[in-house]
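Geometric and topological summary
Next come the chains, spelled out residue by residue.
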Amino acid sequence: MSLIRQRYPGWVVVVVVVVLLLCILWFGNMNKRQDFSCRAQLDMEPLVNQCGSRNLLNLFMAINGNGEGYLLLSGKLRCLGKDQTINDILDFDYEKEGRYYDLHLRKKNTVINKLLPQLRDEKIMIKISKLDRRRYLVSSDKHALLICTSE
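In this structure, Met61 and Ile128 are the most contacted members of the largest nonpolar core, which totals 30 residues. If sequence neighbours within four positions are ignored, Met61 has contacts with Phe36, Ser37, Cys38, Tyr70, Leu71, Ile126, Ile128 and Val138.

With that out of the way, let us pick up the state of the cysteines. Two cysteines, two sulfur atoms, one covalent bond between them: this is a disulfide. Overall, the coordinates contain one disulfide when judged by the stated rule. Linked covalently through their sulfurs, Cys38 and Cys148 form a disulfide whose S-S length is 2.1 Å. Given an S-S torsion of about -80 degrees, the disulfide between Cys38 and Cys148 has left-handed geometry. Placement of the pair is Cys38 in strand E1 (residues 36-43) and Cys148 in strand E8 (residues 144-149), with a sequence separation of 110 residues. There is no split in this pair, since Cys38 and Cys148 are both buried.

A word on the packing of aromatic side chains. Within this structure, the stated rule accounts for three aromatic pairs. Ring centres of Phe60 and Tyr70 lie 6.0 Å apart, and the angle between their planes is 45 degrees; this geometry places the pair in the tilted category. With Phe60 in strand E2 (residues 56-63) and Tyr70 in strand E3 (residues 68-79), this pair connects stretches of sequence that are ten residues apart. Exposure remark for Phe60: the relative accessible area of 16% places this residue in the buried category. Residue classification places Tyr70 among the partly exposed positions, given a relative accessible area of 28%. Centroid distance Tyr94 to Tyr101: 5.5 Å. Interplanar angle 65 degrees. Geometry classified as edge-to-face. Side by side, Tyr94 and Tyr101 carry an identical accessibility label, which is buried.

What counts and what doesn't
All residue numbers here refer to positions counted from 1 along the written sequence of the relevant chain. For this predicted model, a pLDDT threshold of at least 70 governs which residues receive local features, and a threshold of 80 or more governs which side-chain atom pairs are given and counted, while totals over whole chains, interfaces and linings are taken from all residues. For the side-chain quantities, the full set of heavy atoms in the structure was used; hydrogens and water were omitted. The set of buried Ala, Val, Leu, Ile, Met, Phe, Trp, Tyr and Cys residues whose side-chain atoms join them within 4.5 Å is what this entry labels a nonpolar core. Three labels apply to residues, based on accessible area from a 1.4 Å probe with only protein chains included: buried if under 20% of the type maximum, exposed if over 50%, partly exposed otherwise in between. For this analysis, residues touch if any pair of their heavy atoms sits within 4.5 Å. Cysteine sulfur atoms that come within 2.5 Å of each other are treated as a disulfide pair. Only runs of H or I of at least four residues qualify as helices and only runs of E of at least two qualify as strands under DSSP, and these elements are numbered from the N terminus. Two rings from Phe, Tyr or Trp (for Trp, the six-membered ring) form a pair when their centres sit within 6.5 Å of each other. Planes less than 30 degrees apart are called stacked, planes more than 60 degrees apart edge-to-face, and all others tilted.

What follows is the structure in structure tokens.
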């Protein structure tokens, strides 16, 4: 240490140590998990328009930083005077490729797949774009899927 003090002034050593610590913190945070979740309400009238009533379902989407995620769809569909309770989960694995998420759906024959035709493929590319402080646009490479709110 005395050799360093003889060659360099004290403030240079302090600056080098601070820069090294900042680099370690920055590189350490680059690989941290980035969790994302948001909620949306889906108007199912266009899909089940033969029912004649407005049906709103709640969608919750969670992307965990470990390469897994899920969609939760819940609510009630009213058709011909009968209520159908919807409570379904669709699990997926994903890989992040640039600004897109490449989703690999684990199950194909779920209520979510039947009600949301955009989720019928086994492999889906989505992009999550921040609109403002709490709202996000979830879109595929072809069209917008939904706008959701994060907490």
